[in-house]
Amino acid sequence: MDDSARVASLRPLVQRYLKEAFGSFYTDEDGDYVIPYEDVRVHVIPRDWHEVPDLRTGEPRTYTVVLVCAWINRGMRVDAELTEFIATENRNLLFGRLSLDPERPAVRLDNNLLGDYLNFEELAVAVACVAKEAERYGELIAARFGGSR
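Reading the values: the criteria
Throughout this document, residue positions are counted from 1 along each chain, in the order its sequence is written. Reporting in this predicted model follows two pLDDT cut-offs: at least 70 for local features of residues, and 80 or more for side-chain atom pairs to be given and counted; totals over whole chains, interfaces and linings ignore these cut-offs and use all residues. Values reported for side chains reflect all heavy atoms of the structure, with hydrogen atoms and water molecules removed beforehand. A helix here means a DSSP run of H or I that spans at least four residues, while a strand means a run of E at least two residues long, and both kinds are numbered starting from the N terminus. For every residue, the accessible area obtained with a 1.4 Å probe (protein chains only) is divided by the maximum for its type, and the residue is called buried under 20%, exposed over 50%, and partly exposed between those limits. Two residues qualify as a contact provided that any one of their heavy atoms is within 4.5 Å of a heavy atom in the partner residue. Buried Ala, Val, Leu, Ile, Met, Phe, Trp, Tyr and Cys residues form a nonpolar core when they are joined through side-chain atoms within 4.5 Å. A side-chain nitrogen of Lys or Arg and a carboxyl oxygen of Asp or Glu constitute a salt bridge if their distance falls within 4 Å. An axis is simply a line fitted to the C-alpha atoms; with a helix, the fit covers only the stretch in contact. Between two such axes, the angle follows the N-to-C directions and lies from 0 to 180 degrees. By the definition adopted for this analysis, an angle is roughly parallel if under 35 degrees, roughly antiparallel if over 145, roughly perpendicular if from 65 to 115, and oblique otherwise. Should the near helix be turned anticlockwise from the far one by less than a right angle, the crossing is termed left-handed; should it be turned clockwise, right-handed. Residue polarity is assigned by list, with Asp, Glu, Lys and Arg as charged and Ala, Val, Leu, Ile, Met, Phe, Trp, Tyr, Cys and Pro as nonpolar; anything else, Gly included, falls into the polar class.

A.B. asks: Account for the side chain of Asp54, with residues named and values stated.
C.D. replies: Position of Asp54 among the secondary structure elements: in the loop between β3 (40-53) and β4 (60-74). Classification of Asp54 as buried rests on a relative accessible area of 10%. Setting aside residues no more than four positions away along its own chain, Asp54 makes contact with Glu59 and Arg61.

A.B. asks: I'd like a rundown of unusual backbone geometry, residues and numbers included.
C.D. replies: Residue Arg104 is joined to Pro105 through a cis peptide bond whose omega torsion reads -25°. Despite not being glycine, Glu38 shows a phi value in the positive range, around 45°. Relative to the helices and strands, Glu38 is located in the loop between β2 (33-37) and β3. Residue Glu38 is classed as exposed on the basis of its relative accessible area, which comes to 54%.

A.B. asks: Kindly report on the environment of Thr83, identifying the contributing residues and their values.
C.D. replies: Considering the arrangement of structural elements, one finds Thr83 in helix α2 (residues 80-89). Distance from Thr83 to Pro102, taken between C-alpha atoms, is 9.8 Å for residues 19 residues apart in sequence.

A.B. asks: Outline the nonpolar core, supporting the account with residue identities and numerical values.
C.D. replies: Grouped burial of nonpolar side chains is what soluble globular proteins tend to show. Ranked by size, the top nonpolar core spans 32 residues in total, and within it Val14, Val44, Val66, Val68 and Leu123 carry the most contacts. If you list the elements that add at least two residues to this core, you get α1 (5-22), β2, β3, β4, α2, β6 (106-114) and α3 (120-145). Counting residues per element, this core draws most heavily on α3, at 9 residues. Dropping the residues within four chain positions of it, Val44 is found in contact with Val14, Leu18, Asp32, Tyr33, Ile35, Val66, Leu67, Leu123 and Val127.

A.B. asks: Quick rundown of the pattern of salt bridges? Include the residues and the values.
C.D. replies: Scanning the entire structure with this criterion turns up 13 salt bridges. Notably, a salt bridge pairs Asp54 with Arg56, separated by 3.1 Å at the nearest N-O pair. Residue Arg104 pairs with Asp101 through a salt bridge whose shortest N-O separation is 3.4 Å. One continuous salt-bridge network, built from bridges that share partners, spans Arg77, Asp79, Glu81 and Arg144.

A.B. asks: Run through the packing of α2 against α3, naming residues and quoting values.
C.D. replies: Between α2 and α3, whose axes approach to 11 Å, the crossing angle comes to 155°. In terms of orientation, α2 and α3 fall into the roughly antiparallel class. Along this stretch, α2 crosses α3, giving a crossing that reads as right-handed. Where α2 approaches α3, its residues Glu81, Leu82, Phe85 and Glu89 are matched on the opposing element by Tyr137, Leu140, Ile141, Arg144 and Phe145. Looking at the contact of α2 with α3 residue by residue, the classes come out as 6 nonpolar, no polar and 3 charged.

A.B. asks: Which residues make up the packing of α1 against α3, and what are the values?
C.D. replies: Axis separation between α1 and α3 bottoms out at 10 Å; the angle between their running directions is 65°. Between α1 and α3 lies a crossing whose hand is right-handed. Note on element contacts: α3 touches α1 through Phe120, Leu123, Ala124, Val127 and Ala128, opposite Val14, Tyr17, Leu18, Glu20, Ala21 and Phe22. Split by residue class, the contact of α1 with α3 holds 10 nonpolar, no polar and 1 charged.

Note that all results are geometric; they support no functional claim without further evidence.
What follows is the structure, encoded as structure tokens:
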């Protein structure tokens with residue numbers, strides 16, 4: 001997927017912050033930045049966001065976002081108990097949310113940041129929080145619902 005000019009201009013900032021915060025990262029085949037942490041791979045994905053009306057002026061504005069996410073479980077059983085677990089655990093998460101892709105089946109933890117105003121500390125903390133929570137929830141989900149991490 002080709003980047004818009006806005007996303008292309010955001011990428012060098014994201015790269016600089018990731019290098020400063022974590023020392024190294026790699027880029028996968030989709031162009032996502034990946035930070036390994038224990039059994040988790042945190043993906044950092046700059047992208048465009050839809051037009052949003054400015055509530056003060058009514059004018060439409062476009063933004064960029066930085067998705068910070070980690071696929072934490074694959075191949076577990078998908079049933080009402082798992083979906084209830086995900087829905088109720090989301091209320092306990094301060095950073096991010098759990099989501100289910102029932103077609104894979106897989107669970108992902110993700111957090112979105114507004115790319116237009118991104119700062120170092122915000123990105124570093126978001127990556128660290130997603131990594132720690134993904135590690136924690138990956139173990140919980142695997143123990144209760146099977147699958148692999």
